Amino acid sequence: MERQTNFLSGDRWRKKFLGGFALCAVLTGLAWVASSTYTEKMLHSAYEQQLKQGKEQLESLSESIEDALTAVSGIPVVLANDEMVRRELAAFSFAQRAPSSSREQNKERWESTPSLKQLSQRFHIVAKNLRADVVWMLNSAGECVAASNLGTPLSFIGGNYSDRQYFRDTIEGGAGRQYVVGRLSRVPGLYFASPVMLEGKFAGSVIVKRDLTHFERWTRQIDAFITDEQGVIVLAREKGLEFRILPSANLNHIPKDVLEKTYPRSEFKPLNIEKRPEEALANLVYLDGDRKMPYLFISGKASEHRFAVHLLQPVPEIARLEEQKLPFFALLAISSSLLVLAIIALKLHNASLKWAQQEAQRVNRELEALVEQRTKDLVLAKEQAESANQS
């Protein structure tokens, strides 16, 4: 039988080495599964926590805005039934001015009319105490005959607002609501109008404006934005989002001149919202192709005032978990492979000690056998020599 010259020789250790490498490959696969499972578990936990918190914030914000808008929208409803308002609109007729009267001529005459001036002063008191920026009254032709900003450079009196949607809505006897940029102030605002009906006929409207800047304190508290009924973002904490449109919005049916009067622009960049494929993470999205930071996107219910509140919050915790997935996998894979290598090295060390001990025993046995054989040879030679001498 051929003697091994090295303790690593033979198929036995080759098979062990191959088995060790195979075990490392298996453990690497298990490390990937473990890191993926752990990351997904932590990711879903962070998502559910953020989603719950986001829904609570959105609900609270929506309720606050809804209450504020309801309070503001109630002002024109009350004033539309005011005796002074109804009396002035009943007495007002197109015969009070010539068809060729200019805005400045109408403004001068209506601001100097005692009863209309008194009504404007009353509107000023209402606006001041009920937190409305402007309160004004239009006749059936859409001309402003009384306003709370009487005597100011931006006085509405004399202007014609028959092209505004909030006025057109009241002609049919319904409430008017619209987001639009002020024609004189250039300040965007929410407009609420109520019709004044006399004997079943439309006599005019009472309108209230609330500047949109007053609502910024709500959007500053959380990452939220407000859209109008067209899906245009009219107010956002991140100013770069304003005047962008939701993916579902379609403004093609609105003429450009109307868009420019409403939003002082006619071109709008869509908000690129990319949803994740997992159904369990339905509210997690990426914004404008940036996959580094996921966002939590929740849309509130459309308000009766034709506005909607949306939550768009970055979720850095999920981004951190996804970034740590590969390092965590590498740590597990390297650790498990090092453990396998350590076990193999320990086995090699023990095997080398055992092989060295066996080799030493083998050499000792061979030396003992050689000494014994030499001794026998010497004894035999001695006996032969003595026998030869006797003969």
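Residues numbered from 1 in each chain as written. Predicted model: local features only at pLDDT ≥ 70, side-chain atom pairs only at ≥ 80, totals over all residues. Heavy atoms only, no water.

## Re the pattern of salt bridges
Counted according to the given criterion, the structure contains 18 salt bridges. With a shortest N-O distance of 4.0 Å, Arg87 and Glu83 are connected by a salt bridge. Remark: Glu83 and Arg87 occur in helix α2 (residues 83-91); sequence separation between them is 4 residues, near one turn of the helix. Put simply, Asp163, Arg183 and Lys261 are held in one network by salt bridges that share partners. (Salt bridge = Lys/Arg side-chain N within 4 Å of Asp/Glu carboxyl O. Helix = DSSP H or I, 4+ residues; strand = E, 2+ residues; numbered from the N terminus.)

## Quick look at a nonpolar patch on the surface
A cluster of nonpolar residues, Leu23, Val26 and Leu30, forms a patch on the protein surface that exposes about 270 Å² of accessible area. Looking at the secondary structure, you find Leu23 in helix α1 (residues 11-80). Exposure remark for Leu23: the relative accessible area of 41% places this residue in the partly exposed category. (Patch = residues over 30% accessible without salt bridge, like charges linked within 9 Å, V, L, I, M, F, W, Y side chains within 5 Å. Areas by Shrake-Rupley, 256 points an atom, 1.4 Å probe, with all protein chains shown as cover. Buried < 20%, exposed > 50% of the residue type's maximum accessible area, 1.4 Å probe, protein only.)

## Examining the sheet that holds strand β11 (residues 308-314)
An order of β7-β6-β11-β10-β9-β8 is seen for the 6 strands of this open sheet, with the pairing classed as antiparallel. With one partner strand each, in any of the chains shown, β7 (233-236) and β8 (273-275) form the two edges of the open sheet. Here the average twist between neighbouring strands, direction ignored, is 35°. As defined by bridge partners, β8 adjoins strand β9 (residues 284-287) across 3 bridges and the pair is classed as antiparallel. Looking at β9, one finds that Ile273 is bridged to Leu287. Strands β9, β10 (290-299) and β11 of the sheet are contacted by helix α8 (residues 316-390), whose axis makes an angle of about 145° with β10. (Pairing = 2+ DSSP bridges. Axes fitted to C-alpha atoms, helices over the stretch in contact; angles between N-to-C directions. Contact = heavy atoms within 4.5 Å.)

## Quick word on helix α3 (residues 103-112)
For α3, the complete set of buried residues consists of Asn106, Lys107, Trp110 and Glu111. Buried residues of α3, viewed axially, fall in a sector of 115°; they line one side. Exposed positions of α3 whose direction lies more than 90 degrees from the buried face are Glu104, Glu108 and Ser112. Close packing links the buried residues of α3 with α4 (114-129) and β2 (144-147). (Arc of directions from axis to C-beta.)

## A look at the sheet that holds strand β1 (residues 134-139)
Across the sheet, 5 strands lie side by side as β2-β1-β5-β4-β3; this open sheet has antiparallel pairing. This sheet does not close on itself; its edge strands, each paired only once, are β2 and β3 (176-181). Strand after strand, the sheet turns through a mean of 25° between neighbouring axes, direction not considered.

## Considerations on the pairing of β10
Note that β9 and β10 share 3 bridges and pair antiparallel. Directly across from Leu284, in β10, lies its bridge partner Leu296. Linkage of β9 to β10, two consecutive antiparallel strands, is achieved through a turn of 2 residues, within which Asp288 is found at a positive phi near 55°. Summarising the sheet, β10 and β11 pair through 5 bridges and their orientation is antiparallel. Among the inter-strand pairings, Ile298 is bridged to a residue of β11, identified as Leu311.

## Looking at unusual backbone geometry
For Phe243, which is not glycine, the phi dihedral falls at a positive 70°. With respect to the helices and strands, the residue Phe243 is situated in the loop between β7 and α7 (256-262). If you check the backbone angles, Pro264 has positive phi at about 40° while not being a glycine. In this fold, Pro264 is placed in the loop between α7 and β8. Residue class for Pro264 comes out partly exposed when judged on its relative accessible area of 42%.

## Here's the deal with the side chain of Asn139
On the secondary structure map, Asn139 appears in strand β1. With sequence-adjacent residues up to four places away left out, Asn139 is seen in contact with Leu89, Phe92, Val145, Phe167, Ala203 and Gly204.

## Looking at the pairing of strand β6 (residues 224-227)
Covered by surrounding structure in β6 are Ala224 and Ile226 together with Phe225 and Thr227, the residues of both alternating faces. Judged from the 4 bridges that link them, β6 and β11 form a sheet pairing that is antiparallel. Looking across to β11, one finds that Ala224 is bridged to Leu311. Sheet analysis places β6 next to β7, joined by 3 bridges and oriented antiparallel. If you follow Ile226 over to β7, its bridge partner there is Leu235. Counted between consecutive antiparallel strands, the loop separating β6 from β7 contains 5 residues, among which Gly231 sits at a positive phi close to 85°.

## A short note on the packing of aromatic side chains
Overall, the coordinates contain 10 aromatic pairs when judged by the stated rule. Relative to Tyr161, the ring of Phe156 has its centre 5.8 Å away and its plane inclined at 50°; by these criteria the two rings are tilted. Taking relative accessible area as the criterion, Phe156 reaches 9% and is therefore assigned buried. Geometrically, the ring pair formed by Tyr166 and Tyr191 is stacked, given 5.1 Å between the ring centres and 0° between the ring planes. Of this pair, Tyr166 sits in helix α5 (residues 165-171) while Tyr191 is found in strand β4 (residues 188-198), placing the two residues 25 residues apart along the sequence. Under the relative-accessibility criterion, Tyr191 is labelled buried at 4%. (Phe/Tyr/Trp six-rings, centres within 6.5 Å; stacked < 30°, edge-to-face > 60°.)

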